[in-house]
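Residue strings, one per chain:
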Amino acid sequence: SFSQFLLVFLGVMLLGFMCTRPKVRMTLLGIGFAGIAVWMYLTLYQDNGFNYENEGYVNALLTSLDQEATGESVEEESSGGGGIVELLRKSLEESGITVETAGETGDAVAEQKGLSEKQRLIEQLKQNYERDREKGMVTEPWNGSTYQILAWHYGKSLGRYFPDPSKIGPMVENLKLAINVVFIGLLGAMVFLIFGARRNGGLLFWLLVAVPIALPLFFIIDYSAWLWWYGHNLSELGAFTVKPFMPTVFGQGKVAQFATHSYPDKGFGVMVLMSLVLAVAALIRRKQFKQESGD
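Cut-offs and rules
Residues numbered from 1 in each chain as written. Predicted model: local features only at pLDDT ≥ 70, side-chain atom pairs only at ≥ 80, totals over all residues. Heavy atoms only, no water. Salt bridge = Lys/Arg side-chain N within 4 Å of Asp/Glu carboxyl O. Helix = DSSP H or I, 4+ residues; strand = E, 2+ residues; numbered from the N terminus. Buried < 20%, exposed > 50% of the residue type's maximum accessible area, 1.4 Å probe, protein only. Core = buried A, V, L, I, M, F, W, Y, C linked by side-chain atoms within 4.5 Å. Contact = heavy atoms within 4.5 Å. Phe/Tyr/Trp six-rings, centres within 6.5 Å; stacked < 30°, edge-to-face > 60°. Lys NZ or Arg CZ within 6 Å of the ring centre and 35° of its normal. Expected span 1.5 Å × (residues − 1). Pairing = 2+ DSSP bridges. Patch = residues over 30% accessible without salt bridge, like charges linked within 9 Å, V, L, I, M, F, W, Y side chains within 5 Å. Areas by Shrake-Rupley, 256 points an atom, 1.4 Å probe, with all protein chains shown as cover. Axes fitted to C-alpha atoms, helices over the stretch in contact; angles between N-to-C directions. Parallel < 35°, antiparallel > 145°, perpendicular 65-115°, else oblique. Left-handed = near helix turned anticlockwise from the far one by under 90°. Nonpolar A, V, L, I, M, F, W, Y, C, P; charged D, E, K, R; others polar.

A.B. asks: How would you explain the pattern of salt bridges if you had to name every residue and give the values?
C.D. replies: What the rule picks out here adds up to 3 salt bridges. Salt-bridge contacts for Asp-132 lead to Lys-156; the nearest nitrogen and oxygen are separated by 3.1 Å. A residue pair is termed long-range when its members are at least 10 positions apart, and Asp-132 in helix α7 (residues 117-134) and Lys-156 in helix α8 (residues 146-159) qualify at 24 residues. The residue Glu-173 makes a salt bridge to Lys-176 at a minimum N-O spacing of 3.6 Å. Residue Glu-173 and its partner Lys-176 are both found in helix α9 (residues 165-196); the two are separated by 3 residues, about one turn of the helix. Given a relative accessible area of 22%, Lys-176 falls into the partly exposed group.

See below:
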């Protein structure tokens, strides 16, 4: 949920690195970071702020609830028409009764309202939320903020695998805390970088390019940490017991009788290529500063 902010954050840092005049650089960073801060606040905490998230992320949240963008469950789609619901629908249609699926109904409603694809997906998330509210699973009315949706979605996802409120509640609270900590941490980083941009060649100045250069390394560390976390935090309610494990980060591995496959894709290759280009740019900038100091 923070990835779009972080990528733009890195872009603003690179703009600052490109500028050799400290006052202009501080102005660029100040304007860019202020825009990101407002964007983050509106997205995370403002009513209907979830509309500012990208469509792919919204679709991913819906899909992770075992629903495709049409609103039909994955199980129904993969059953090949053999599910009970599907058989009943066909039987009714053979009797001359037309039955609309949830996806068709959702599409019809979206068409009537003139909703975009992303708005249609958000509307389906809202319908899921309202159903949970009717069941008493959530108490707050829908406000459409990313903060609210993430907390609800996380608790709902956890409840599908181990419905133990005593465990789910604290984990949801930890997620809320993490969102607030990351938000405040990014604001602090913005102030820190603006302060460090007041002169050329200092340690804080080089952070403007060092952090983007290290992006592939950060990705591998984050990815590895999540793999370790999942392998060491398995639910005790699982169908069978597996000893804590660490999946292979790159390549083919094995966990119990299952094979694991983990290989970088095009996006990671682009990150590595950008790191190499930025490293060359940093060396050129360092040489320029040396020449200026010599003159």
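A.B. asks: Give a description of the nonpolar core that names residues and reports values.
C.D. replies: Counting residues in hydrophobic clusters, the biggest one holds 40 residues, and the most contacted among them are Phe-33, Ile-36, Met-40 and Leu-125. For this core, the elements supplying multiple residues, two or more each, are α1 (3-18), α2 (22-45), α3 (55-63), α7, α8, α9, α10 (203-213) and α12 (266-294). At 7 residues, α1 tops the list of elements feeding residues into this core. The residues contacting Leu-125, other than those within four sequence positions of it, are Phe-50, Val-58, Leu-61, Leu-62, Leu-65, Trp-142 and Trp-152. Residues Leu-158, Phe-162, Ile-168 and Val-172 belong to the second largest nonpolar core, which totals 5 residues.

A.B. asks: Help me get a handle on the packing of aromatic side chains, residues and values and all.
C.D. replies: One pass over the full model with this rule turns up 20 aromatic pairs. Note on Phe-9 and Phe-33: the rings are 4.9 Å apart at their centroids and 15 degrees apart in plane angle, and the pair reads as stacked. With Phe-9 in helix α1 and Phe-33 in helix α2, this pair connects stretches of sequence that are 24 residues apart. Arranged with centres 6.5 Å apart and planes meeting at 55 degrees, the rings of Phe-50 and Tyr-57 form a pair that is tilted. An aromatic cluster is defined as three or more aromatic residues linked by ring pairs; in this entry it consists of Phe-17, Phe-205, Trp-206 and Phe-289. Over the face of the ring belonging to Phe-195 we find Arg-198, whose NZ or CZ atom lies 4.0 Å from the ring centre.

A.B. asks: Give a description of α8 that names residues and reports values.
C.D. replies: With 14 residues, α8 should reach 20 Å at 1.5 Å per residue; the first-to-last C-alpha distance of 20 Å fits that figure. Within α8, 10 of the 14 residues are buried, leaving the element largely enclosed by the surrounding structure. When we look at burial in α8, the residues that qualify are Thr-146, Gln-148, Ile-149, Leu-150, Ala-151, Trp-152, His-153, Gly-155, Ser-157 and Leu-158.

A.B. asks: Tell me about the pairing of strand β2 (residues 258-262), and name the residues and values.
C.D. replies: Direction of pairing for strand β1 (residues 251-255) relative to β2: antiparallel, over a ladder of 5 bridges. Bridging across to β2, Lys-254 finds its partner in Ala-259. Hairpin connection, β1 to β2: the antiparallel pair is bridged by 2 residues, and Ala-256 has positive phi, about 55 degrees.

A.B. asks: Quick rundown of the side chain of Ser-224? Include the residues and the values.
C.D. replies: Relative to the helices and strands, Ser-224 is located in helix α11 (residues 215-231). Relative accessible area serves as the criterion here: at 18%, Ser-224 is assigned to the buried category. Residues contacting Ser-224, with those up to four places away along its chain left out, are Met-246 and Val-249.

A.B. asks: So what about α12? Which residues, and what values?
C.D. replies: Under the 1.5 Å per step criterion, the end-to-end length of α12 is 42 Å for 29 residues, consistent within 8% with the ideal 42 Å. Three or more residues of α12 are buried, namely Phe-268, Met-271, Ser-275, Leu-278, Ala-282, Arg-285 and Phe-289. Each element contacted by the buried residues of α12 is listed here: α1, α10 and α11.

A.B. asks: Describe a nonpolar patch on the surface, with residues and values.
C.D. replies: A cluster of nonpolar side chains, namely Trp-226, Trp-228, Trp-229, Tyr-230 and Met-246, defines an oily patch on the protein surface of about 570 Å² accessible area. Tracing the sequence through the fold places Trp-226 in helix α11.

A.B. asks: An account of the packing of α1 against α12 is needed here, citing residue identities and associated values.
C.D. replies: Two elements in contact, α1 and α12, have axes whose closest approach is 11 Å; the angle formed by their N-to-C orientations is 25 degrees. When the axes of α1 and α12 are compared, the pair comes out roughly parallel. The handedness of the crossing between α1 and α12 is left-handed. Contacts from Leu-14, Phe-17 and Met-18 of α1 reach α12 at Leu-278, Ala-281, Ala-282 and Arg-285. Of the residues assigned to the contact of α1 with α12, the class counts are 6 nonpolar, no polar and 1 charged.

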